[in-house]
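Below are the chains, spelled out letter by letter.
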Amino acid sequence: MKSNNEIDNIIMETHKNMSMNKINDRLYLSNNQIDILNRYSIEYKSKSIEELMFELDEILNDTPDYDDLEKLSLELAEFNYYYNTKK
């Protein structure tokens, strides 16, 4: 069983990885999302969320076995829908 201190550390680390960072005026990413993009050497600092989603779709069309990129693409699409789509 984990101690309260270990649980607190896990919660803080999860919060840190999920908090959003302003990349530019058109893009916010979590630390975890940035780590995934860096792992695949995908440039994101000068792109909008739409441009990044398009690039991820292109990569996934060529190589659909990247589960982490697929999850990231879905996260970006969901974020874009809820925060950037006029309802």
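## Some remarks on the environment of Glu55
Its location among the elements puts Glu55 in helix 3 (residues 49-62). Here Glu55 falls in the partly exposed class, since its relative accessible area comes to 23%. Placed 13 residues apart in sequence, Glu55 and Ile42 show a C-alpha to C-alpha distance of 8.7 Å. When residues no more than four places from it in sequence are discounted, the contact partners of Glu55 are Ile42, Glu43 and Lys47.

## Focus on the pairing of strand 2 (residues 27-30)
With four bridges joining them, strand 1 (residues 20-24) and strand 2 adopt antiparallel strand pairing. Bridge pairing links Met20 to Ser30 in strand 2. If you look at the hairpin formed by strand 1 and strand 2, you'll find two residues sitting between the two strands.

## Remarks on the pattern of salt bridges
Applying the stated criterion to the full structure yields five salt bridges. With a shortest N-O distance of 3.2 Å, Lys22 and Asp25 are connected by a salt bridge. One exposure class covers both Lys22 and Asp25, and it is exposed. Where Glu75 meets Lys71, a salt bridge forms, and the shortest distance between an N and an O atom there is 3.2 Å. In this pair, Glu75 and Lys71 both sit in helix 4 (residues 67-84), four residues apart, roughly one turn of the helix. You can call Glu75 partly exposed: its relative accessible area is 27%.

## Concerning unusual backbone geometry
For Ser41, which is not glycine, the phi dihedral falls at a positive 55 degrees. In this structure, Ser41 sits in the loop between helix 2 (31-39) and helix 3. With relative accessibility at 68%, the residue Ser41 sits in the exposed group.

## Points about the nonpolar core
Core analysis: the biggest nonpolar cluster contains 15 residues, and Leu29, Leu37, Leu52, Leu56 and Leu76 have the highest contact counts within it. Breaking this core down by element, the ones donating at least two residues are strand 2, helix 2, helix 3 and helix 4. It is helix 3 that provides the largest number of residues to this core, a total of five residues. For Leu56, the contacting residues outside a window of four places in its chain are Leu37, Ile42, Leu69, Leu72, Ser73 and Leu76.

Conventions and cut-offs
- The numbers attached to residues start from 1 for each chain and follow its sequence in the written order.
- Confidence filtering applies because this is a predicted model: local features only for residues at pLDDT of at least 70, side-chain atom pairs given and counted only at 80 or more, and all residues used for totals across whole chains, interfaces and linings.
- As a convention, hydrogens and water are excluded, and side-chain values are obtained from all of the structure's heavy atoms.
- Elements are defined by DSSP. Helices are runs of H or I of four residues or more, strands are runs of E of two residues or more, and each kind is numbered from the N terminus.
- Note on classification: 1.4 Å probe, protein chains only; a residue is buried when its accessible area is under 20% of the maximum for its type, exposed when over 50%, partly exposed between these limits.
- Here, two residues are considered to be in contact whenever any of their heavy atoms come within 4.5 Å of each other.
- The rule for pairing is simple: two strands pair if DSSP sees at least two bridges between them.
- The rule for a salt bridge is simple: a side-chain nitrogen of Lys or Arg has to be within 4 Å of a carboxyl oxygen of Asp or Glu.
- We call a set of buried Ala, Val, Leu, Ile, Met, Phe, Trp, Tyr and Cys residues a nonpolar core when their side-chain atoms join them within 4.5 Å.

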